[in-house]
Amino acid sequence: MTIFIFAFIAMLLVVAGMALGAMVQNKPLKGSCGGLNNIGMKQDCTICGGNDDECEKEQERKRQQKVAAEDLAYDATKRK
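Residues numbered from 1 in each chain as written. Predicted model: local features only at pLDDT ≥ 70, side-chain atom pairs only at ≥ 80, totals over all residues. Heavy atoms only, no water.

Enquirer: Before we move on, could you go through the overall build of the protein chain and cite the residues and values that matter?
Expert: A tally of helices and strands in the protein chain yields three helices and zero strands. Along the protein chain, helices and strands appear, N-terminal first, in the series α-α-α. Across the 80 residues in the protein chain, those meeting the buried criterion constitute 1%. About 7,700 Å² of surface is accessible on the protein chain, with carbon and sulfur atoms providing 62% of the total. (Helix = DSSP H or I, 4+ residues; strand = E, 2+ residues; numbered from the N terminus. Buried < 20%, exposed > 50% of the residue type's maximum accessible area, 1.4 Å probe, protein only. Areas by Shrake-Rupley, 256 points an atom, 1.4 Å probe, with all protein chains shown as cover.)

Enquirer: Describe the pattern of salt bridges, and please don't skip the residues or the numbers.
Expert: Overall, the coordinates contain one salt bridge when judged by the stated rule. With a shortest N-O distance of 2.7 Å, Arg-63 and Glu-60 are connected by a salt bridge. With a gap of three residues between them, Arg-63 and Glu-60 both fall in helix 3 (residues 52–70), about one helical turn apart. The exposure class of Glu-60 is partly exposed, given its relative accessible area of 35%. (Salt bridge = Lys/Arg side-chain N within 4 Å of Asp/Glu carboxyl O.)

Enquirer: Give a description of a nonpolar patch on the surface that names residues and reports values.
Expert: On the surface, Met-1, Phe-4, Ile-5, Phe-8, Ile-9, Leu-12 and Leu-13 cluster together to form a nonpolar patch covering roughly 800 Å² of accessible area. As for its placement among the helices and strands, Leu-12 is situated in helix 1 (residues 2–25). (Patch = residues over 30% accessible without salt bridge, like charges linked within 9 Å, V, L, I, M, F, W, Y side chains within 5 Å.)

Enquirer: Kindly report on helix 1, identifying the contributing residues and their values.
Expert: Taking 1.5 Å per residue as the helical rise, helix 1 with its 24 residues ought to reach 34 Å, and the 35 Å between its terminal C-alpha atoms agrees with that figure. Where burial is concerned, little of helix 1 is hidden: zero out of the 24 residues are buried. Immediately beyond the C-terminal end of helix 1, within one or two residues, lies Asn-26, with a positive phi of roughly 55°. (Expected span 1.5 Å × (residues − 1).)

Enquirer: A description of the packing of aromatic side chains should follow, citing residues and the corresponding values.
Expert: One pass over the full model with this rule turns up one aromatic pair. Geometrically, the ring pair formed by Phe-4 and Phe-8 is stacked, given 6.4 Å between the ring centres and 25° between the ring planes. Here Phe-4 pairs with Phe-8, and both are found in helix 1, just four residues apart, close to one helical turn. (Phe/Tyr/Trp six-rings, centres within 6.5 Å; stacked < 30°, edge-to-face > 60°.)

Enquirer: I'd love a proper account of the confidence of the model for the protein chain, names of residues and values included.
Expert: For the protein chain, the average pLDDT comes to 77, and 65% of its residues sit at 70 or higher. Here helix 2 (residues 35–38) stands out as the least confident element of the protein chain, with mean pLDDT 60; helix 1 is the most confident, with 93. (pLDDT = per-residue confidence, 0-100.)

Below, the structure written as structure tokens:
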């Protein structure tokens, strides 16, 4: 039973580490095998419709929204 507990904790740490890494990088997840493009269905993408420039524009739009949201507040604990 202790081996099961140690294995479970180890897997939990691995998954938590991968999730933390994905959040810190702040980049969209990508498939490693080509995804829709590899099977000829790239045009079915709901975001870009097969146009890679649209994906870049969407990422830039999200970055701008994030910057705009950060401008709405300030840290009152820091003195200027």
